[in-house]
Amino acid sequence: MKAWIAGALTVSLAVGSAQAGSPPPGPVDATLRTSSGEQVRLSRWRGKPVILFYEDKDSTTLNSPLKETLFARGRERGLLNAAWVVAVANLQKFDFFPARQIALSYVRDEEKKVGVPILVDLDGTLGAAPWELPMKTSNVLLLDAEGAVVFRHSGRMKPEEQEAFFVALSRLVGVDLTAPAAAPAAPEARP
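What counts as what
- Residues numbered from 1 in each chain as written.
- Predicted model: local features only at pLDDT ≥ 70, side-chain atom pairs only at ≥ 80, totals over all residues.
- Heavy atoms only, no water.
- Salt bridge = Lys/Arg side-chain N within 4 Å of Asp/Glu carboxyl O.
- Helix = DSSP H or I, 4+ residues; strand = E, 2+ residues; numbered from the N terminus.
- Buried < 20%, exposed > 50% of the residue type's maximum accessible area, 1.4 Å probe, protein only.
- Expected span 1.5 Å × (residues − 1).

K.L.:
Just checking my understanding: could you explain the pattern of salt bridges for this structure?
P.N.:
Counting across every chain of the model gives 7 salt bridges. Across the pair Arg77 and Glu76 runs a salt bridge, and its minimum N-O distance is 3.4 Å. Measuring nitrogen to oxygen at the nearest pair gives 2.9 Å for the salt bridge that ties Glu110 to Lys113. Of this pair, Glu110 and Lys113 both sit in helix α3 (residues 99-114), 3 residues apart, which is roughly one turn of that helix. A relative accessible area of 16% places Glu110 in the buried class. We classify Lys113 as exposed; its relative accessible area is 63%. Each of the salt bridges in this network shares a partner with another, and the network as a whole consists of Lys57, Asp58 and Lys93.

K.L.:
Honestly, helix α4 (residues 159-173) in this entry has me stumped. Any pointers?
P.N.:
Because an α-helix completes one turn every 3.6 residues, residues spaced three or four positions apart along the sequence face the same direction. Between its terminal C-alpha atoms α4 stretches 21 Å, which fits the 21 Å expected from 15 residues at 1.5 Å a residue. Every buried residue belonging to α4 is among Glu161, Gln162, Phe165, Phe166, Ala168, Leu169, Ser170 and Val173, and all of these are buried. Gly174 sits one or two positions beyond α4 and adopts a positive phi of about 75°.

Structural measurements only, silent on function.
Structure below.
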């Protein structure tokens, strides 16, 4: 549940709307850091689908509608534990003293607000091969349980792009997430 909350509340960083290049073939991995400096591999989240948000500080609100809808649909269907949501902050432009410590402190404060970790990319790892993600926007990726990219988008998502995201996520979790769940029926009045 915390993973979905993190994705829904923490990350949304995009400017513009450009579809990213082709996803890399097969499983991909990267070594990033926690806000406290511990190295962590993305493969740590294998075994379930992964919704990965990779954003810089100026694009955290670009895909807020997607994040809100994602959380709402997951909650409606009882699927908050069906996939991991991994938030990664692009801090490459802050990788110098004293900016690095200020940026990491900010990330730790955000983690406390949402109660989940946010990974940091200080050296542009996800901008390099095989990922090659744009560095100054919001990137939304879906990885299958083995770590292969099945959906990739950079920039603000249009409604039809959000629909494609939910179609792909539906296939991964085995539940239709393309529309809001039906409202619960009102209880019958007793005479």
